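Chains, contacts and geometry: an overview
In case you want the letters, here they are:
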Amino acid sequence: MDAKVISLLANKPDTLNGRLEVLHECLRQSLPQITQSSCLLYDEKTDSLKKFLSSHHFASHGMDESLYLKSNQALFTLCQQEEGKLVSFATDDPIWQHFQQDPQSLAASIIPIKQAQRFIGFVCFEIEHLPQHLSDAEKITLSLYAQFISMMINEELSLVNTLLATVRAARDFTDFRDFETGLHLDRMACYARIIATDLAKKHRLSDEFIEHVHIFARLHDIGKIGISDTILNKPGRLDDAERSIMKTHVEKGIVMLEQVLNDYNLVDMRDTDMMRNIVACHHEYIDGSGYPKGLKGKQIPLEARIATVADIFDALTCQRPYKKPWPLDDALAELEKMQQANKLDAECVAAVRRNKAEFEKVMKALSDDKKPL
Ligand SMILES: [Fe+2]
Ligand SMILES: [Fe+2]
């Protein structure tokens, strides 16, 4: 690896996107014709590809939302190819529309990212001339950078996966599964991503922020592992005493998260603040009437305000031991009622209304009568 790249990385940009920007600048020193470096992440549960990182800040939030891997033969073939093989294509190729971010680019080279043989996404480089003008040496340089970006992403994702696997393993020791099934967590994470994507332009949220909301939202209720089965699986509404015990899941979750981060030496991992915020604040309400701290308005971090709306929407629309699932419109009306009572973030609730169709798709694709994909 180039000494310059190593020294730039030694400055430790504190986000993955920051590190991609550094790498992109280094790449442009040898290949100035590369206009953009980016990365799409694959979500196995919904079969969709989402933009995760980009060397250009806040680019293209309008990317085709319905980019599904298995229904796109060309992309599906690409993801099955061997790791390390760079494929280039020009503007007349139908794949092009999925990768172009920079209007100046005339071609792109992409490479699949794999983690232990599992496809996890694509790295894409945009080029300002046609791909046939790339020399063999230039192709090798691009491949090397693609490998380096893959390693960087793999490293971060494996830390997150370790954390999720630990939580899952702990959950399997309890009867937690009944109450918070994997599907609740998957749906809720997808809803959180839809809301975050909708708010991205206004709040200048990066694609990395959006994907982290999606990944970390699943952790929101980890503290419920510490709540007894009789309360957790009670087939009726909780009484006051039971409800106050249930509320302790937030503090329990914070303690548990810190313990896992410590055990796995992840305390310094980037973005752990977002995990902490979601676990600690997903029951706070805008008017200060939530728990455990009674935080108000903007004191509640945006990622937690998003997770709260996503979580309540799923609680309303799914079946619980004591209630039938609500239809989408009724659930939306309830969210709006809660927003008018100053409990929920107005922008997050408006985002649900604007994206009703997307919410409906997730409800159908991940409904509880379906087995996990
Ligand atoms: Fe909770
Ligand atoms: Fe939940």
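Above this text is the structure in question.
The notes below deal with the structure included here. (Residues numbered from 1 in each chain as written. Chains lettered and ligands numbered in written order. Predicted model: local features only at pLDDT ≥ 70, side-chain atom pairs only at ≥ 80, totals over all residues. Heavy atoms only, no water.)

**A short note on the overall build of the chain**
Note the threshold: Counting from the N terminus, the helices are DSSP H or I runs at least four residues long and the strands are E runs at least two residues long. Exposure classes here rest on a 1.4 Å probe applied to the protein chains alone. A residue is buried below 20% of its type maximum, exposed above 50%, and partly exposed in between. Any two residues whose heavy atoms approach within 4.5 Å are treated as being in contact. Reported accessibility uses the Shrake-Rupley method at a 1.4 Å probe radius. Residues are deemed covered only where the shown protein chains occlude them.
When helices and strands are tallied, the chain shows 16 helices and five strands. Looking at the 373 residues of the chain, the share that counts as buried comes to 54%. Considering only residue pairs separated by 6 or more positions, the chain has 64% of its internal contacts joining residues 24 or more positions apart. As displayed, the chain offers around 17200 Å² of accessible surface, 53% of which is attributable to carbon and sulfur atoms.

**Focus on the coordination of the iron ion (ligand 1)**
Tetrahedral coordination by four donors places them ideally at 109.5 degrees to one another around the metal; octahedral coordination by six donors ideally gives 90 or 180 degrees. The criterion, for reference: With water excluded from the atoms, a metal site may look incomplete; its donors are any N, O or S atoms within 2.8 Å, or within 3.2 Å for Na, K and Ca. Angle rules define the geometry names used: all angles between 85 and 135 degrees makes four donors tetrahedral, while opposite donors over 155 degrees apart and all other angles between 65 and 115 make four donors square planar and six octahedral, leaving every other case irregular.
Bound to the iron ion (ligand 1) are the protein donor atoms Asp221 (OD), His249 (NE2), His282 (NE2) and His283 (NE2), situated 2.0 to 2.3 Å from the metal. Classification of the site at the iron ion (ligand 1) rests on its four donor atoms, whose angles at the metal span 87 to 176°, yielding the label irregular. If you list the donors of the iron ion (ligand 1) from N- to C-terminus, the spacing comes out as D-x27-H-x32-H-H. The distance between the iron ion (ligand 1) and the iron ion (ligand 2) comes to 5.2 Å.

**As for the nonpolar core**
Nonpolar side chains in soluble globular proteins tend to end up buried together. This is how it is decided: Each nonpolar core is a collection of buried residues, namely Ala, Val, Leu, Ile, Met, Phe, Trp, Tyr and Cys, held together in the definition by side-chain atoms within 4.5 Å. Domain ranges listed in this record stem from an automatic or a database domain assignment.
Within the largest apolar cluster, 76 residues are counted, with the highest numbers of intra-cluster contacts made by Phe125, Ile153, Ile195 and Ile306. Sort the elements by how many residues they give to this core and helix α7 (residues 182–203) lands first, with eleven residues. Three or more residues apiece are contributed to this core by two domains, here domain 1 (3–156) and domain 2 (174–365). Look past the residues within four positions of Ile195 in its chain and what remains in contact with it is Ile306, Val309, Ala310, Cys348, Ala351, Val352 and Phe359. Grouped together as the second largest cluster of nonpolar side chains are 17 residues, Leu40, Trp96, Ile110 and Cys124 included.

**Considering the side chain of Glu303**
Using the following cut-off: What qualifies as a polar contact is a pair of N or O atoms within 3.5 Å, subject to a donor-acceptor requirement within protein and to the restriction that residues adjacent in sequence count only when both atoms come from side chains.
Structurally, Glu303 is set in helix α13 (residues 302–317). There is a polar contact of 2.8 Å between the side chain of Glu303 and the side chain of Asn277.

**Notes on the packing of α13 against helix α14 (residues 328–340)**
Selection rule: Lines fitted to C-alpha atoms define the axes, with helix axes restricted to the stretch in contact, and inter-axis angles between N-to-C directions lie between 0 and 180 degrees. Angular relationships are summarised with four words: roughly parallel below 35 degrees, roughly antiparallel beyond 145, roughly perpendicular across 65 to 115, and oblique for the angles in between. The hand of a helix crossing depends on one turn: near helix anticlockwise from the far one by less than a right angle means left-handed, and clockwise means right-handed. Classification convention: Asp, Glu, Lys, Arg as charged; Ala, Val, Leu, Ile, Met, Phe, Trp, Tyr, Cys, Pro as nonpolar; all other residues, Gly among them, as polar.
Remark: α13 packs on α14, axes separated minimally by 9 Å, with the N-to-C direction vectors making an angle of 135°. For the element pair α13 / α14, the angle class is oblique. The way α13 lies across α14 gives a crossing that is right-handed. Counted together, Val309, Ile312, Phe313, Leu316 and Thr317 of α13 and Leu328, Ala331, Glu334, Leu335 and Met338 of α14 form the full contact between these two elements. Among the residues forming the contact of α13 with α14, the class breakdown is eight nonpolar, one polar and one charged.

**A few points about unusual backbone geometry**
Here the bond from Tyr291 into Pro292 is cis, since omega is 5°, no more than 30 degrees from zero. In this structure, Pro292 sits in the loop between α12 (272–281) and α13. With a phi angle near 60°, Asp47 is a residue other than glycine that sits in the positive phi range. If you trace the backbone, Asp47 turns up in the loop between β1 (34–43) and β2 (48–54). Residue Asp47 is classed as buried on the basis of its relative accessible area, which comes to 13%. Even without being a glycine, Arg204 presents a positive backbone phi close to 50°. Here Arg204 lies in the loop between α7 and α8 (207–217).

**Some details on the coordination of the iron ion (ligand 2)**
For the iron ion (ligand 2), the full set of protein donor atoms is His184 (NE2), His220 (NE2) and Asp311 (OD), at a range of 2.2 to 2.4 Å. Sequence spacing of the donors to the iron ion (ligand 2): H-x35-H-x90-D. Looking at His184, the relative accessible area reads 2%, which means it is buried.

Note that every value here comes from positions in space, so none of it alone points to a role or purpose.
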